[in-house]
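Architecture at a glance
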Amino acid sequence: MVIYKKLIFLTYQKKSIKFLYRTCNNIWRMSGDKSTDFSFYTKRISLAAVYTSTLLFWLNDSSIDEENAEYFLDRRLNDISKISSFKKPFKNYISKLYY
């Protein structure tokens with residue numbers, strides 16, 4: 001019985017990861033993204049993190065008109081936007097090491 005429960009959990013886990021990937025991929029494609037390089041993956045991973053955390057927060061949100069969930073999403077998007085400002089100094093540092 002325990003083995004059966006583990007197999008069921010793994011089955012749902014695979015399906016949920018596929019569903020999450022398809023959702024994130026469709027969102028990026030509908031927004032006009034045509035990247036095929038490394039940013040293809042980083043964009044989808046970033047969106048998956050924001051999407052999943054916001055969805056879980058929203059499911060537990062008891063505020064009027066999901067106001068807290070909106071603020072939560074705004075904070076996550078703000079956090080993601082800070083990544084690009086971090087990348088530039090890091091990229092400069094790495095390029096100095098190899099060139």
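Everything below is about the structure printed above this text.
A brief structural summary. Numbers given for residues are sequential positions, taken from 1 along each chain in its written order. Reporting in this predicted model follows two pLDDT cut-offs: at least 70 for local features of residues, and 80 or more for side-chain atom pairs to be given and counted; totals over whole chains, interfaces and linings ignore these cut-offs and use all residues. Calculated side-chain values reflect all of the structure's heavy atoms, with hydrogen atoms and water omitted.

**Things to note about the environment of Ile 27**
Condition: Put simply, DSSP marks the helices as runs of H or I at least four residues long and the strands as runs of E at least two long, and each gets a number from the N terminus on. Exposure classes here rest on a 1.4 Å probe applied to the protein chains alone. A residue is buried below 20% of its type maximum, exposed above 50%, and partly exposed in between.
Residue placement: Ile 27 occurs in helix α1 (residues 2–30). Ile 27 gets classed as partly exposed once you look at its relative accessible area, which sits at 36%. Residues Ile 27 and Arg 44 lie 17 residues apart in sequence; the distance between their C-alpha atoms is 9.1 Å.

**Here we look at a positive patch on the surface**
Defined as follows: Residues qualify for a patch when their relative accessible area is over 30% and they have no salt bridge, like charges being joined within 9 Å and the nonpolar side chains of Val, Leu, Ile, Met, Phe, Trp and Tyr within 5 Å. Per-residue and other accessible areas follow the Shrake-Rupley method at a 1.4 Å probe size, with only the shown protein chains counted as cover for residues. When a carboxyl oxygen of Asp or Glu is within 4 Å of a side-chain nitrogen of Lys or Arg, the pair counts as a salt bridge. His is not counted here, nor are the chain ends, while Lys and Arg score as positive and Asp and Glu score as negative. Every charge is mapped onto a representative atom, which is NZ of Lys, CZ of Arg, CG of Asp or CD of Glu.
A surface patch of like charges, here positive, comprises Lys 14, Lys 15, Lys 18 and Arg 22. Tracing the backbone shows Lys 15 in helix α1. A relative accessible area of 55% means that Lys 15 is categorised as exposed.

**Looking at the packing of aromatic side chains**
Rules: To pair, rings of Phe, Tyr and Trp, with the six-membered ring standing in for Trp, must have centres within 6.5 Å; the planes then decide the type, stacked if under 30 degrees apart, edge-to-face if over 60, and tilted in the middle. The rule is short: NZ of Lys or CZ of Arg within 6 Å of the ring centre and within 35 degrees of the ring normal puts a charge over the ring.
Across all of its chains, the model carries two aromatic pairs by this definition. Residues Phe 40 and Tyr 41 carry aromatic rings whose centres are separated by 5.1 Å and whose planes lie at 80 degrees to one another, so their mutual orientation is edge-to-face. Ring centres of Phe 57 and Phe 72 lie 4.3 Å apart, and the angle between their planes is 5 degrees; this geometry places the pair in the stacked category. Taken together, the residues span a long stretch of sequence, with Phe 57 in helix α2 (residues 38–59) and Phe 72 in helix α3 (residues 67–98) at a distance of 15 residues. On the basis of relative accessible area, Phe 72 is assigned to the buried category, the value being 12%. Positioned above the aromatic ring of Phe 40 is the side chain of Arg 44, whose terminal nitrogen or guanidinium carbon lies 3.8 Å from the ring centre. Taking NZ or CZ as reference, Arg 76 lies 4.5 Å from the ring centre of Phe 72, over its face.

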